[in-house]
Structure formats: C-alpha cells, structure tokens
Amino acid sequence: MLVFATDLLDTDSATALRRIAGSSTARVVLIAEHFSEANVIAAVECGVVSVLPFGSSSADLVDTVLDAAERPALDPRLLTELMDQIRRLGRPEPDSSQLTDREIAILRMLADGLDTQQIADELCYSARTVKNILHVLLSRKKLRNRQHAVAYAVRAGLI
C-alpha cells in the first residue's frame, strides 16, 4: 500500500505517481488538497484506488488504507482496456458530413491567402464553381464566413 500526498494532482505529481505505479504493484491512496472530477481519470491511470481530502482524521486514513488493501484489485490489463474505452467515449464521433478533398484543398488555399479567382485558376475550375463549393460547405457546417470555415478546418486538424 502506498499513501501519496499532494496539494494538487497536476502533471508533475501524476508523472511521479505513474513512475511509482509502473515500478510497483502497490495500491495508491491519494491525499490531495484540491481534487476535482476532472482528475479522476488521471488518478485511476496512476493506480489510485482511493482519495482523501487533506485534513482527514487519522482514523479516516487508517480506514481508507485498510479498505483499499482488502478491496479486490482490477487486473492491470482490464484497467488499461477500461481507460481506452473511456477515452474513446470522450472523442466525438466522426461527422457523417466530413469535408471532401476538394473542400479541404479550397480551404488550404484560402488559408494561404488566395482569392476566389486564384483558387479557380489553380484548380482549373470556374470562379462560380469555387463559390458554389464554399457556399455548400458554409451551409452544411453552419459556418458564418470563409474565415470561420478556415478556422473550423484548422481546429479539426484538416489543414
């Protein structure tokens, strides 16, 4: 059994906990001043089985440590699979209306500062075709303008 105390489960303390958990099969009881729901996944990844707030009584600490020691441990392979599933649940599903290669090419050129006619010349399209492609994209994705479309593509990692 390992008792780890920290003010906040931040990157440094999580790294230390992972290092300890990787070299030991001990269960970890975390004592933390500040612990939020956002820290739960990181804590589980670090092998934490129980969390106590700072200022807990010594009786609470003893009870928590004994309880953690008696509790059946989750097999590390199952824990890894559980964490992978949780991560997959947190990711948005692929959009059924993903951007086409043609739309991505146009957005890249917009991001490079080309105007409609330059894009049309580059792709051997008419300026009207480029405008139509952009209009359909803006409408389908509910984007306000070309700049918003470029920002959307950048955030989505498309360009």
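Just above sits the structure.
Since we're looking at a predicted model, the values are computed, not measured.

**Details of the environment of Ser 13**
Phase 1: Assignment of secondary structure puts Ser 13 in helix α1 (residues 11–22).
Phase 2: With 33 residues separating them along the chain, Ser 13 and Cys 46 place their C-alpha atoms 9.7 Å apart.
Phase 3: Setting aside chain neighbours within four positions, we find Ser 13 in contact with Phe 4, Thr 6 and Leu 8.
Phase 4: A polar atom in the side chain of Ser 13 sits 3.1 Å from the backbone oxygen of Leu 8.

**So, the pairing of strand β1 (residues 2–8)**
Phase 1: Pairing analysis gives six bridges linking β1 to strand β2 (residues 28–34), with the strands arranged parallel. Following the sheet pairing, Phe 4 is matched in β2 by Leu 30.
Phase 2: In the classification by handedness, the crossover that spans β1, the intervening α1 and the parallel β2 is right-handed.

**Some words on the nonpolar core**
Phase 1: Residues Ile 106, Leu 107, Leu 110 and Leu 134 are the most contacted members of the largest nonpolar core, which totals 17 residues.
Phase 2: Of all the secondary structure elements, the ones that give two or more residues to this core are α5 (101–111), α6 (116–123), α7 (127–141) and α8 (146–155).
Phase 3: Setting aside residues no more than four positions away along its own chain, Leu 134 makes contact with Ile 106, Leu 107, Leu 110 and Arg 146.
Phase 4: In this structure, Leu 9, Leu 17, Val 28 and Leu 30 belong to the second largest nonpolar core, which totals ten residues.

**Description of the sheet that holds β1**
Phase 1: One open sheet holds the three strands; their spatial order is β1-β2-β3, and the pairing between them is parallel. In this open sheet, the two strands that pair with only one neighbour each are β1 and β3 (48–53). Each strand axis lies, on average, 25° off the axis of its neighbour in the sheet, ignoring direction.
Phase 2: Lying over the sheet, α1 contacts β1, β2 and β3, oriented at roughly 170° with respect to β1.
Phase 3: Contacts from helix α3 (residues 58–70) reach β1, β2 and β3 within the one sheet, and its direction differs from that of β3 by about 170°.

**Observations concerning unusual backbone geometry**
Phase 1: Backbone geometry places Cys 124, a non-glycine residue, at a positive phi of 60°.
Phase 2: Along the polypeptide, Cys 124 turns up in the loop between α6 and α7.
Phase 3: Unlike most non-glycine residues, Lys 142 shows phi in positive territory, near 55°.
Phase 4: Looking at the secondary structure, you find Lys 142 in the loop between α7 and α8.

Conventions we followed
- Residues numbered from 1 in each chain as written.
- Predicted model: local features only at pLDDT ≥ 70, side-chain atom pairs only at ≥ 80, totals over all residues.
- Heavy atoms only, no water.
- Helix = DSSP H or I, 4+ residues; strand = E, 2+ residues; numbered from the N terminus.
- Contact = heavy atoms within 4.5 Å.
- Polar contact = N/O pair within 3.5 Å; in protein donor to acceptor, adjacent residues only side chain to side chain.
- Pairing = 2+ DSSP bridges.
- Right-handed = clockwise from strand over helix to strand, strands pointing away.
- Core = buried A, V, L, I, M, F, W, Y, C linked by side-chain atoms within 4.5 Å.
- Buried < 20%, exposed > 50% of the residue type's maximum accessible area, 1.4 Å probe, protein only.
- Axes fitted to C-alpha atoms, helices over the stretch in contact; angles between N-to-C directions.

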